[in-house]
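Here's the letter readout for the chains.
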Amino acid sequence: MAQLMLVDDEAHVVDRFATTIDWKSVSIEGVYRAYSAAEALELLEQYSIDIVITDIKMPGMSGLQLIAEIRRLWPKTKCILLSGYSDFDFAKQAILYQTEDYLLKPVKEDDLLSTVKRVLLKLEQEWEEVVSSQRMTYTLKENLPLLRANLLHELLQGKKWSAEGLQEKMNRLEMGSPVWESFALMVIRMDEPFLQYELEDQSWKEYAVSNMVEELFGARYAIWYAKDAHDYLVFLLTAKQEDGAEDDPIWFERTAAALQSAVCAYLKAKISILVSKRGIFPEDVASYYNRSIASFRKRIGNERELFMRLEDEDKSAAPIHSLQSLYEPPTLIHLLEAARWDVIEEKLHRIYETMENGDAVSQEHLLEVYFTIASAYTYIAHKNGRRLADLIGSYYDRMSEGFPCRSLNHLREWSFRTLQHMREDMDRETQDSRSALIRDIQTFVEENVTRDISLQTIAEKVVLHPVYVSKVYKLETGENISDYVQRVKMKKAEHMLKLTNEKIYEIATQLGYQRPHSFIYAFKKMFGITPQEYRDRYLT
């Protein structure tokens, strides 16, 4: 739905067009009113407006000058001129400023709506061009390194993809050839003096290292690269030909040594390298990566300029493993922040299925899951300004007494029940806040029915963005705010026509209409008869 603004120093023109024309019929959601070019520019700075309909002749800045400013500052906003002047010079200037149309007053409602509809169609076509295949292809190529690195990050963190989905993603990133069926993982840690460099200096040296890897390994391997959260450089390598290159440890170790020598000679720095044996892609990517990070921590430590093969770690591999499904992206915290309740349930089910189908569940595994879930629940409660105890009720008492789950079934029951309590409480809070917002809006409208009420004034009153206010009101009540404002005004008009002797123009003024005929037009549109006819009919 689009946003439109009416600009005219004749307030009755703006008011009549804003309140009596069926803008919804052409997909206009919000109508803003400005009574001068200066006021229009202020509104444009605050709100995203798609179409501006402006008069030409206005005190101070003219409509043509306004359009020139709009073209300079908001080139996507479309402008329509509305004027009582038929001088061709105005039309020529309108063309010069790329005005979408030039309509003469008095303009028929159907003609105005038809013009707006045509302009909206043009705007839609322009945005379609922006996201067209050609533009997308260009943008994709410009951002290929970053997009490839992001996908590798997801695989390193254990994100699950269907075979078809991953292949399609890799094809879009121009990584379909050679086919990634197996891989070797190489992790490079920057040793001294890399850590002493300024960030900018360090970044280009890391880039230089990745180019050296490409130079030394690129003849045999297709290379996929990313920098991880530990500031390690992570490379996935797959053989370009099935020539057994990946199973040549002597060549790999010699080439890695050449890389270390090149970095030392030309970058005046040292690196440590860890490489894996051949793994199956993508199944082994996350496990090889996690084992590599563990090896740096346990086997290499603070030693500098070392080379190590990952299979050396297998001899002393610990029998206890972390629950990788618990930490796979998206994490519980991220899902809770986005209130993706159904996805959270799916993730929890996956965690428990992994525990049931894996090795015997130890008490430490139960603690690992419990502390992770409890921490995520506490984090999101506090981030929302709430106490966890208020969200999960009696289940919090069990938490405060210590570890409340002695078995996998107890843990599963606790996590799902507390999640349900949190969801219900947050849903109630959201609904309550929306209900309160609707009440505040309606109260404001009813108390100010004799004033000029616009979406902007309502939004300012409730201190929220007008687009949000408009959408929430429509979602909760099923009608637009403008319809409600008009209904309240007409209800008040009925009351005044029946019970007072005030003249029509006096009633129009009291209801915030600048001109009586605007009020008459709006009344007739709602009731099918004029205010005077309504009064005559009621009194007789």
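Here goes a summary of the coordinates provided.

Thresholds, definitions, all that
- Residues numbered from 1 in each chain as written.
- Predicted model: local features only at pLDDT ≥ 70, side-chain atom pairs only at ≥ 80, totals over all residues.
- Heavy atoms only, no water.
- Pairing = 2+ DSSP bridges.
- Helix = DSSP H or I, 4+ residues; strand = E, 2+ residues; numbered from the N terminus.
- Axes fitted to C-alpha atoms, helices over the stretch in contact; angles between N-to-C directions.
- Contact = heavy atoms within 4.5 Å.
- Core = buried A, V, L, I, M, F, W, Y, C linked by side-chain atoms within 4.5 Å.
- Buried < 20%, exposed > 50% of the residue type's maximum accessible area, 1.4 Å probe, protein only.
- Salt bridge = Lys/Arg side-chain N within 4 Å of Asp/Glu carboxyl O.
- Parallel < 35°, antiparallel > 145°, perpendicular 65-115°, else oblique.
- Left-handed = near helix turned anticlockwise from the far one by under 90°.
- Nonpolar A, V, L, I, M, F, W, Y, C, P; charged D, E, K, R; others polar.
- 1 Å grid on protein atoms, 1.4 Å probe; cavity = no way out; pocket = protein on both sides within 12 Å on 5 of 7 lines; lining within 4 Å.
- Points joined across faces, edges and corners; volume = space filled by probe spheres on them.
- Polar contact = N/O pair within 3.5 Å; in protein donor to acceptor, adjacent residues only side chain to side chain.

**Observations regarding the sheet that holds strand S2 (residues 28-34)**
Phase 1: Here five strands make up an open sheet; going across it, the order is S2-S1-S3-S4-S5 and the pairing parallel. What marks the edges here is a single partner per strand, and that holds for S2 and strand S5 (101-104). Ignoring strand direction, the axes of neighbouring strands in this sheet form an average angle of 20°.
Phase 2: The sheet contacts of helix H1 (residues 11-20) involve strand S1 (2-7), S2 and strand S4 (78-83), and relative to S2 the element is tilted by about 165°.

**A word on the nonpolar core**
Phase 1: The biggest cluster of nonpolar side chains holds 53 residues, and the ones touching the most others in it are Met 5, Ile 441, Ile 458 and Phe 519.
Phase 2: Of the residues forming this core, the biggest block, eight residues, is contributed by helix H22 (residues 481-499).
Phase 3: Once residues lying within four places of it in the same chain are set aside, the contact partners of Ile 458 are Ile 441, Phe 444, Val 445, Ile 453, Val 469, Ile 481 and Val 485.
Phase 4: Counting residues in each nonpolar core, the second largest holds 33 residues, with Leu 348, Tyr 352, Met 355 and Met 399 among its members.

**Section: the pattern of salt bridges**
Side chains bearing opposite charge may pair, as long as their charged atoms lie close to each other.
Phase 1: Counted according to the given criterion, the structure contains 29 salt bridges.
Phase 2: Across the pair Lys 78 and Glu 126 runs a salt bridge whose closest N-O atoms are separated by 2.6 Å. Taken together, the residues span a long stretch of sequence, with Lys 78 in strand S4 and Glu 126 in helix H5 (residues 109-130) at a distance of 48 residues.
Phase 3: When the shortest N-O distance is used, the salt bridge between Lys 122 and Glu 100 registers 3.0 Å. Note that Lys 122 is positioned in helix H5 and Glu 100 in the loop between helix H4 (88-96) and S5, a separation of 22 residues in sequence.
Phase 4: Overall, the relative accessible area of 14% leaves Glu 100 in the buried class.
Phase 5: Through salt bridges that share partners, Lys 76, Lys 78, Glu 100, Lys 122 and Glu 126 make up one connected network.

**With respect to the packing of helix H19 (residues 408-447) against helix H20 (residues 455-462)**
Any two packed helices are characterised by the angle at which their axes cross and by the distance between the axes.
Phase 1: Running from N to C, H19 and H20 cross one another at 125°; their axes reach a closest spacing of 10 Å. Accordingly, the angle class assigned to the pair H19 and H20 is oblique. Like other packed secondary-structure pairs, H19 and H20 cross with a definite hand, here right-handed. Along its contact with H19, which presents Leu 437, Asp 440, Ile 441, Phe 444 and Val 445, the element H20 presents Thr 457, Ile 458, Lys 461 and Val 462.
Phase 2: Of the residues contributing to the contact of H19 with H20, the split by class is six nonpolar, one polar and two charged.

**Description of empty space enclosed by the protein**
Regions of empty space are outlined by a rolling probe, equal in size to a water molecule, passed over the atoms.
Phase 1: Across all of its chains, the model carries two cavities of 30 Å³ or more by this definition.
Phase 2: Within this model, the largest cavity holds a volume of roughly 60 Å³.
Phase 3: The wall of the largest cavity is formed by Asp 15, Thr 19, Arg 33, Arg 451, Asp 452, Ile 453, Lys 489, Leu 511, Gly 512 and Tyr 513.
Phase 4: For the lining of the largest cavity, the per-class residue count stands at three nonpolar, two polar and five charged.
Phase 5: As a volume, the second largest cavity reaches approximately 40 Å³.
Phase 6: Around the second largest cavity sit Leu 6, Val 7, Asp 8, Val 13, Val 14, Phe 17, Ile 53, Thr 54, Asp 55 and Leu 82, which together line it.

**Quick word on the environment of Tyr 35**
Phase 1: Here Tyr 35 shows up in the loop between S2 and helix H2 (37-46).
Phase 2: Here Asp 15 takes part through its side chain, which lies 2.8 Å from a polar atom of the side chain of Tyr 35.

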